[in-house]
Amino acid sequence: MQKSLQKYAAVFLFPTGICFLIAFLVPFVFGLYLSFTQFTTVSNTRWVGLDNYLRAFTDNGDFLNALWFTAAFTVVSVLTVNLLAFSLALLLTRGIRGTNLFRTVFFMPNLIGGIVLGYIWQLMINGLLLGAGVDITYDPRYGFWGLVVLMNWQMIGYMMIIYIAGLQSLPGDVLEAAQIDGASPWQKLWHVTVPMIMPSVTICTFLTLTNSFKLFDQNFALTAGAPMKKTAMLALDIYNTFYGRIGDEGVGQAKAVLFFLLVAAIAFFQLWLTRKREVEQ
Amino acid sequence: MKKLTAIAAVFCLLLTAAGCNAADTADPKGDAIYFLNFKPEVAALYDEIASAYREETGVSLRVVTAASGTYEQTLKSEMAKSDAPTLFQINGPLGYLNWKDYCADLSDTQLYQHLKDKSLAVTSEGKVYGIPYVVEGYGIIYNNAIMQKYFRLDGAKVRSAEEINSFSKLREVVEDMTAKKEQLEIDGVFASTSLKPGEDWRWHTHLANIPITYEWEEKGVDLTGAGTKEIQFSFAENFKNIFDLYLDNAVSERKRLGSKQVMDSMAEFALGRCAMVQNGNWAWNDIKEVEGNTIKEEDIRFLPIYTGVEGEENQGLCIGTENFFCINAKASPQDQKRAADFIYWLFSSDTGKRFVTEKLKFIAPFDTFSADESPDDPLAKEVARWINREDAQNIPWNFTLFPSQTFKDHFGGALLQYAQGNLEWDGVVEQVVSDWKSESAGR
Amino acid sequence: MKKPVKQKNGWLISLFLGALSLVFLFPIFLVLINSFKGQFYISDAPFSLPNAQTFSGLDNYKNGVEKVGFISAFGYSLFITVCSVAAIVLFTSMTAWYLMRVKTRGSSALYYLFVFSMIVPFQMVMFTMSKIANLLRLDNPLGIILLYLGFGAGLSVFLYSGFIKSIPLEIEEAAAIDGCHPLQIFFLVVFPILKPTSVTVAILNAMWIWNDYLLPYLVIGSRYRTIPIAVQYLQGGYGSRDMGALMAMLILAIVPIVIFYLTCQKYIIKGVMSGAVKG
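Residues numbered from 1 in each chain as written. Chains lettered and ligands numbered in written order. Predicted model: local features only at pLDDT ≥ 70, side-chain atom pairs only at ≥ 80, totals over all residues. Heavy atoms only, no water.

### Brief notes about the overall build of chain B
Cut-off, in case you're wondering: The helix and strand labels rest on DSSP assignments: H or I over at least four residues marks a helix, E over at least two residues marks a strand, and numbering proceeds from the N terminus. Restricting the calculation to C-alpha atoms gives the radius of gyration, and the globule rule supplies 2.2 Å times the number of residues raised to the power 0.38. Using a 1.4 Å probe on the protein chains alone, a residue whose accessible area is under 20% of its type maximum counts as buried, one over 50% counts as exposed, and one in between counts as partly exposed. Contacts are assigned to residue pairs with any non-hydrogen atoms lying within 4.5 Å of each other. Using a 1.4 Å probe, the Shrake-Rupley method yields the accessible areas, and only the shown protein chains count as cover for residues.
Within chain B, the regular secondary structure consists of 17 helices and 12 strands. Here chain B has a C-alpha radius of gyration of 24 Å; the compact-globule value for 443 residues is 22 Å, and the two agree. The principal-axis extent of the C-alpha atoms belonging to chain B is close to 85 × 60 × 45 Å. Buried residues in chain B amount to 61% of all 443 residues. Across chain B, every contact between residues at least 6 apart in sequence was considered, and the portion connecting residues at least 24 apart equals 73%. By element, 47% of the accessible surface of chain B is carried by carbon and sulfur atoms, the whole surface being about 17,500 Å².

Shown next as structure tokens:
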């Protein structure tokens, strides 16, 4: 069958392949090349070697600042989102009344786009800070926690669904056995449930990790980096560098390459962890 | 299942058609003059102008408007496209340096022939690359009704606006008004100092123009030379004087200014919640369109922005332009010609001129306009009055020489931090001086 | 299995979750309230209900719809999302099947390229992609579908491949012996089996494309505004951000999503679950 199928390679591969080439492969390779050049409109590239990479760190502190901000934000978001989502999933798998309704409500914010979310929370947070006579731009910490709350609001429902799926697939007899052995609910949770839903934990951690790390729309709409770019995350900093000033496009592209390498590193680390665990089991 | 194959076939067709289709729709696009507009506040008007132009001449005009503070950025990405703007604008000599490859020589255009003051144009080596199309002025706009109320109060520091001719007088009056704001039924003397990013140009650009101009004047800097690449910000104290006065006597608290926008300030002014606001004649539309505005046309006046510089008694408004038409030198000669025809039409034909004076409310610097063909809004009339006042020393718009948008954005960010109390004034000054230098370096 | 235990404090948990649901819905409710207030009464008192002075009826909606061209934005968003999702489902399933069934060095290299593309952030290609899209004249609502197909191919091929691996070859071989050629085998036999994955792929891509901001902004933003671009556009202008119109647009942007969600909830949640398990 493989032979006859190969005759149809063009039909099966061409549409996706050509688009993949246009939308991803060529831009990717071209982007790598551009990160070593100075350019404004692509037609006037000039090779500058590693200059752009150097400038990403030395022109100003924006990139490093964005890196730390993003890292801190990611850690806090991953922890809070997963803890809260898991707790909600536990509560929603006990068969109480209204489970479906609650699940519907908690999941809904996930479907709303980042730009819209950002403005909704800008109104919310500025309203709350009104009493203190300040607004979200007053202190980068406000922007930070604003983003964390927003992220939780958006992601909890999604992660909760995955945890619910994990919890529902748990074999009932193991839990019953634990109960008969006289395990307290807490022990049961910690020693039976949690180890058994580790695959869900891995998935959720990975999803929150990459989503937090690559966050752009929400950041763009909520604070746009104010005050003084102190709340700009990596993706936003790259965007700002790119489209900010004539002559900085190369630096923006270099930052984008570094950003890509970071995301790739996180992904491979995750893959390695999962593999390792699979081997251990 | 046949259906599915059919759908597949349709999609293949559709996708291959996407390329061709783009080419098809490109034709009418290629027909239109592509104008990248700088002024978002008049974006809707340009659409009206485009349809009027099409009606009269059969030539269509496509107007794309960049959002506030993103013109350079938009221009950059649009210029990189195959279907680039034919008509665009620069903000002065510095903008010309950025875009000189794209600026066509306009010396032979009809519009340039009609420019009253040829020295206003952006020129280089005897050729003309940018034609100014609007003269504007800014200062402190005040509500005369509230001021009159104050003048009539017992113990008012002055009895008429003419007596306010220096910063010390202004401060005296403003602080006294703040003390009596209940009697005056206002929430503050000044409207909120809008410092939201992108909404802070009244300070980092317009207000900063005054101390920088004084600095260059004092040092006798040649504005066309390299002398503008570095500044000491020696009149920083004067900037601080007036900026503090704005902050301390305003409707909003200092800490909440980061989400205030220009429109909020103009609304506060229009609703009579404050007596003064720093802005230019273009703001008339904003004031007029605020629902429930209480201000009467005849009560709107301008006051110069005094900052406490010696001999400022004769200072006038800040009058100039940062709007220069340029024609894309890389467009086809035919397109260039059509763009030139359009701008000439806009500033010389009856229809065009009506749009300019009545809708756009531009004070146009061309001799095609007679004295009575000028905008009839109160702020434009005030600007015209100040232009014609012999005793007043109006300040030119030197902010067109400010190094970059990045410089301005940083400056605005620092001002916000200063306003919120998170940055010392010295820090602002330091940052301005060093940013100016580093942002000028690439030039 | 453990019903007796949970009934005891079930109502307490219900109460708690009920309260939490209200907290979850509050931000949207807040925007709704403010969308009926005049634009200058919003940022100074966001938590107060509209009163005689601040109530502005449907002005904000009218204003916003006119200002940003919401109707056409909705049209563009819908068109782009529906067509892109259809193209992605159709073409990436074909590609995935081919890659799983034809085992050559080339095909596995291509497969890994697709997987690789999943981890590349958009910022890496944003400039070059929009430049190429412009050169090839793909900067229109039709052309952008190709970009979504290309950029979305990675995840979709990956999801389909995972499922296809689990389909026994025998079914397809039987069809081949019956004289079906590969296109027939795919559309008559394989594609129907793939339906659950197709739902997942469709849902995940629809959620992404409908809400996407940067890609359409950079590629077609100056001429065609999708909903996120329209919302962001309200932000621009010399002091022209109209808070009232912004609130109204936020509500209008949310409403179609909520309707879609409530009608297709079952599929969406299932799609998210299975998408996550494989991703």
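Further notes follow.
### So, the side chain of Asn60(C)
Residues and elements named next belong to chain C. The test is simple: Contacts described as polar in this section are N or O atom pairs within 3.5 Å, which, within protein, must combine one atom able to donate a hydrogen with one able to accept it, while residues neighboring in sequence count only if both atoms come from side chains.
Within the element layout of this structure, Asn60 appears in helix H2 (residues 59-68). The exposure class of Asn60 is buried, given its relative accessible area of 5%. Polar contacts involving the side chain of Asn60 include one to the main-chain carbonyl oxygen of Lys37, which spans 2.8 Å. Not counting residues up to four positions away in its chain, the partners in contact with Asn60 are Asn34, Ser35, Phe36, Lys37, Gly244, Ala245 and Ala248.

### A word on the pattern of salt bridges
This is how it is decided: Whenever a carboxyl oxygen of Asp or Glu lies within 4 Å of a side-chain nitrogen of Lys or Arg, that contact is scored as a salt bridge.
The tally for this structure, following the rule as stated, stands at 28 salt bridges over all chains. As a salt-bridge pair, Lys229(A) and Asp62(A) come within 3.6 Å of each other at their nearest N and O atoms. Taken together, the positions of Lys229(A) in the loop between helix H11 (217-222) and helix H12 (234-244) and Asp62(A) in helix H4 (residues 62-92) put the pair 167 residues apart, joining distant regions of the chain. Among the residues examined, Lys229(A) registers a relative accessible area of 26% and is labelled partly exposed. The buried category is assigned to Asp62(A), whose relative accessible area is 17%. Put simply, Lys337(B) and Asp341(B) hold a salt bridge, and the shortest N to O gap is 2.8 Å. Highlighted residues: Lys337(B) and Asp341(B), both in helix H13 (residues 333-348), separated by 4 residues, approximately one helical turn. Each of Lys240(B), Asp244(B), Asp248(B) and Arg254(B) takes part in salt bridges that share partners, so that together they form one network.

### Regarding the environment of Ala87(C)
With respect to the secondary-structure elements, Ala87(C) resides in helix H3 (residues 70-101). Taking the C-alpha atoms as reference, Ala87(C) lies 47 Å from Thr54(C); in sequence the two are 33 residues apart.

### Examining the interface of chain C and chain A
To keep it simple, the criterion reads: When two parts are put together, the accessible area they lose, computed with a 1.4 Å probe and summed over both, is reported as buried area.
Listed per partner, the contact involves 101 residues of chain C and 89 residues of chain A. Together, the buried faces of chain C and chain A total about 8,500 Å²; carbon and sulfur atoms form 80% of this surface. Among the residues chain C hides against chain A, the three largest losses belong to Phe24(C), Met124(C) and Phe127(C). Together they make up 9% of the total. Applying the counting rule to chain C against chain A returns 0 salt bridges. At the surface where chain C touches chain A, the tally comes to 12 residue pairs in polar contact (both at pLDDT 80 or more). It is helix H1 (residues 3-34) of chain C that provides the largest number of residues to the side of chain C that touches chain A, a total of 18 residues.

### Some points on the nonpolar core
Selection rule: Note on terminology: a nonpolar core comprises buried Ala, Val, Leu, Ile, Met, Phe, Trp, Tyr and Cys residues joined through side-chain atoms within 4.5 Å.
Ranked by size, the top nonpolar core spans 193 residues in total, and within it Met159(A) and Leu147(C) carry the most contacts. Those residues in contact with Met159(A) that sit more than four places away from it in its chain are Val81(A), Ala85(A), Cys204(A), Leu207(A) and Thr208(A). By size, the runner-up hydrophobic cluster in this structure holds 95 residues, among which are Val135(B), Ile141(B), Tyr150(B) and Leu195(B).

### Regarding the pairing of strand E8 (residues 274-280) of chain B
Along any regular strand, the residues point their side chains to alternate faces of the sheet. Residues and elements named next belong to chain B. Convention followed: Here, a strand pair is defined by DSSP locating no fewer than two bridges between the strands.
By the criterion of burial, E8 is predominantly enclosed, with 7 of the 7 residues buried. Bridge count between strand E7 (residues 188-190) and E8: 2 bridges; the pairing is parallel. Its bridge partner being in E8, Gly188 is matched across the sheet by Cys274.

### Section: helix H6 (residues 114-129) of chain A
The following threshold applies: A helix's residues, less one, multiplied by 1.5 Å, set its expected span.
End to end, H6(A) covers 22 Å across 16 residues, agreeing with the expected 22 Å (1.5 Å per residue, within 8%). In terms of residue burial, H6(A) counts as a mostly covered element, since 15 of its 16 residues are buried.

### A look at the packing of helix H7 (residues 167-179) of chain B against helix H10 (residues 236-248) of chain B
Residues and elements named next belong to chain B. Under the convention used in this document: Helix axes are fitted only over the stretch in contact, all axes being lines through C-alpha atoms; the angle between N-to-C directions runs from 0 to 180 degrees. Reported orientations rely on four angle classes, namely roughly parallel under 35 degrees, roughly antiparallel over 145, roughly perpendicular from 65 to 115, and oblique for the rest. Left-handed is the label given to a crossing in which the near helix is rotated counterclockwise from the far helix by less than a right angle, and right-handed is the label when the rotation is clockwise. Ten residues, namely Ala, Val, Leu, Ile, Met, Phe, Trp, Tyr, Cys and Pro, are considered nonpolar, four, namely Asp, Glu, Lys and Arg, are considered charged, and the remaining ones, Gly among them, are considered polar.
Between H7 and H10, the shortest axis-to-axis distance is 11 Å and the interhelical angle comes to 15 degrees. In terms of orientation, H7 and H10 fall into the roughly parallel class. With respect to the hand of their crossing, H7 and H10 are arranged in left-handed fashion. Mapping the contact onto sequence places Phe167, Leu170, Arg171, Val174 and Glu175 in H7 and Asn241, Ile242 and Leu245 in H10. Here the contact of H7 with H10 is built from residues that sort into 5 nonpolar, 1 polar and 2 charged.

### What about the side chain of Thr226(C)?
Inspection of the secondary structure puts Thr226(C) in the loop between helix H10 (214-220) and helix H11 (227-233). With sequence-adjacent residues up to four places away left out, Thr226(C) is seen in contact with Ala73(C), Tyr76(C), Ser77(C), Ile80(C), Asp212(C) and Pro216(C).

### Comments concerning the packing of aromatic side chains
The line we're drawing: Pairs were defined over the aromatic rings of Phe, Tyr and Trp, the Trp ring being its six-membered one, requiring ring centres within 6.5 Å. Orientation was assigned from the angle between planes: stacked under 30 degrees, edge-to-face over 60, tilted for the rest.
Taken as a whole, this structure holds 85 aromatic pairs over all chains when the rule is applied. Ring geometry for Phe69(A) versus Phe144(A): centroids 5.4 Å apart, planes at 90 degrees, classification edge-to-face. You can see Phe69(A) sitting in helix H4 and its partner Phe144(A) sitting in helix H7 (residues 140-168), a full 75 residues away along the chain. Just as Phe69(A) is buried, Phe144(A) falls in that class too. Summarising the aromatic geometry, the rings of Phe407(B) and Phe411(B) are spaced 5.9 Å apart at their centres and angled 55 degrees between planes, so their arrangement reads as tilted. Within this pair, Phe407(B) and its partner Phe411(B) are both found in helix H16 (residues 405-420), separated by 4 residues, close to a single helical turn. In terms of burial, Phe407(B) and Phe411(B) fall into one category: buried.

### Overview of the environment of Val199(C)
Residue and element names in this part refer to chain C. Structurally, Val199 can be placed in helix H9 (residues 195-211). Take Val199: its relative accessible area is 23%, and that puts it in the partly exposed class. The spacing of Val199 and Ser35 is 164 residues in sequence and 35 Å in space, taken between C-alpha atoms.

### Side note on a nonpolar patch on the surface
Keep this limit in mind: A residue counts toward a patch only above 30% relative accessible area and without a salt bridge, and it is joined to like-charged neighbours within 9 Å or, for Val, Leu, Ile, Met, Phe, Trp and Tyr, to nonpolar neighbours within 5 Å.
Together, Leu128(A), Phe26(C), Phe29(C), Leu32(C) and Phe47(C) make up an exposed nonpolar region whose accessible area comes to about 450 Å². For the nonpolar patch, the element with the most residues is H1(C), which contributes 3 residues. Inspection of the secondary structure puts Leu32(C) in helix H1.

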